[in-house]
Every structure is written in structure tokens, then in C-alpha cells.
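Topology and contacts: notes
For reference, the chains in residue letters:
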Amino acid sequence: MLWGVSGPLFLLDYVTAVAVALAVALAVRELTGRRVRGEAPDTVELAYLTDRAGLACQVGMAVLHRAGVVRHGELATLAVDGPPPPRAAPLVRALHAALRRPQTWAAVLADPGVGRALRRLVARLVRDGWLLTPAQRRRVALGTLPLFLVAAVGLTRLVDSAVEGRDAGGPASVVGLLLCCLATALGGWWLCEVPETGSAARRLLRRLRRQHADLAPERRPVWRERGTDELLTAMALFGPRPLLAVDPRLGELVGIDVERTRPAPRRKLSRN
């Protein structure tokens, strides 16, 4: 017996330690960003929580489109013809200001006013707890450390057995420990990818997607028969495809990828 523990018993203890370390990592991830303050995110902010600045700007363009002030120019440019909607979000107003003269979508995204509006939007979401601060993100990343420590202990046992020529257990125990070590290290590496959103934001998005499940692309709603609020909500929660459906030319100009946003085909039940 290596380290005074038989192979099967060590493997059982190892799996238990992995379960505890995984529970710690998931608990840290779930508890970080749990508390929020202030008002709930509006549609543009929800879009940022879903897919960051690109989707937030596309939702902003959808607001201008539904207000009837967007026009297509020459050479793949966009412009506005009319005032912004009343009580529009700051990012929508920034997009409107950037489009007072014809510009391409890349130039709009690089506009200093749009950049300032996005930074203020992010600052508000961080201040209210919907987005994680750098310190919170480090805390979530450190929560995965026990998984790597457990994997290191298992690998140390395997190396010690090979170097000293001692028995770490039967072939089944050794192979099982090796696979468990690899799975633990891969799980820790996967959990090291820290989400930018807090747990409260993720819960909010899940709840709203269940609440508005009829707007999901898989349901293939007819967007031309839907109202503005439904279209904007669907974009904020499920992606930009609704804008592509109501105005394909505008969707292409604002960078919506037809193939990437295509809904998954419906599965047909086999008949016996």
C-alpha cells in the first residue's frame, strides 16, 4: 500500500475530495454577485448582460428603427432622419447622435459618444451588482483552487508510485485515479473561465427567458405581427435575429450573422 492507503480506498477518498472541492467552487460562483441594488435593468442593459456591447448596440438600433428614424445610405452606411424617441436610453441617444451624418456600423461602434455611453452603462451595472467587479471575478477564480490541489495530490501519488516502484493499487485503481485526476484538472480549468455577470443577473435572465419563452427563435414567431416591446425583449434575451426578420438590410448593416443566429431546426419525433 502506498502512503498506507490501499488503491480502492484512496480512489474513494479522492472522489469524495473532488465532490467537496467542486461544491466549494460552485458555491463561490453562485454566491458572488448575489445581491443587487437599484432598479432592474432596462432592455438595452439586459442585452448587454446577454451578449455584451454588440447586442446592446443592436438593440439600440432596433429602438431607432421602430421609431422610424433610421435610413439606409450608400456604401453600407446608416443615418437618422428625425429626433430620437422620447425617454430613450443614453446608449440609444448616443447612437442617434453618431448617425446624424451617414456612417458605417464599424464607425458607429468606434464613435467616442457611443463608447462613453457604453462605459456609463457598464459602470451602472457594476455599481448595482449585475456585473462582477475585478475583485469578485478573482474570488470566483480562486474558488477553483481546491480542485487543482486535489488533482495535484492524485498526480503526486501516481508519480510517487512510478518513481519508487511501489504499488498504488491494482490496475483498475491506477487507471481510475489517472482518469479522475484528468477530469478534475479539466473541470477546474473550465471553471476558471469566470462569467462577467453576477449570479443575480444570471437568475434574472433565466427567469425572463422562461417568462418570454414564446419569443424564443425556436418558436419561430412572426415578428412583423409583434409589437415593439416584444421585439426588443426578444432581442435582449435571445439575440438579434428578430431585427434581421423585420428589416434584413438593416440587420446585415449592423453586423448580424445570418448563419450564427439561425434557430435550431425542430426535431421530428420518429414514428414506429
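The preceding data block contains the structure.
Definitions and limits used
- Residues numbered from 1 in each chain as written.
- Predicted model: local features only at pLDDT ≥ 70, side-chain atom pairs only at ≥ 80, totals over all residues.
- Heavy atoms only, no water.
- Helix = DSSP H or I, 4+ residues; strand = E, 2+ residues; numbered from the N terminus.
- Core = buried A, V, L, I, M, F, W, Y, C linked by side-chain atoms within 4.5 Å.
- Buried < 20%, exposed > 50% of the residue type's maximum accessible area, 1.4 Å probe, protein only.
- Contact = heavy atoms within 4.5 Å.
- Salt bridge = Lys/Arg side-chain N within 4 Å of Asp/Glu carboxyl O.

Quick word on unusual backbone geometry
It is generally the case that most residues other than glycine have a negative phi and that most peptide bonds are trans. In this model, leucine 75 sits at a positive phi of 55°, which is unusual for a non-glycine residue. Positive phi outside glycine occurs at arginine 220, with the angle close to 50°. Among the structural elements, arginine 220 can be located in the loop between helix H9 (199-211) and helix H10 (228-238).

Comments concerning the nonpolar core
Counting residues in each nonpolar core, the largest one holds 54 residues, and the members touching the most others are Met61, Leu78, Leu91 and Val114. Residue contributions to this core peak at 13 residues, all from helix H2 (residues 43-66). Non-local contacts of leucine 91, meaning those with residues more than four positions away in its chain, are made with Val44, Ala56, Cys57, Val114, Ala117, Leu118 and Leu121.

Structural notes on the pattern of salt bridges
Opposite charge on two side chains allows them to pair when their charged atoms are near. Evaluated as defined, the whole model comprises 7 salt bridges. With its nearest N and O atoms 3.2 Å apart, the salt bridge here joins arginine 127 to aspartate 128. Judged by its relative accessible area of 47%, arginine 127 falls in the partly exposed class. Here aspartate 214 and arginine 226 are joined by a salt bridge, their closest N and O atoms 3.4 Å apart. Within this pair, whereas aspartate 214 is found in the loop between H9 and H10, its partner arginine 226 is found in the loop between H9 and H10, the two being separated by 12 residues in sequence. Judged by relative accessible area, arginine 226 falls into the partly exposed class, the value being 23%. One salt-bridge network, in which partners are shared between bridges, spans Glu45, Arg124, Arg127 and Asp128.

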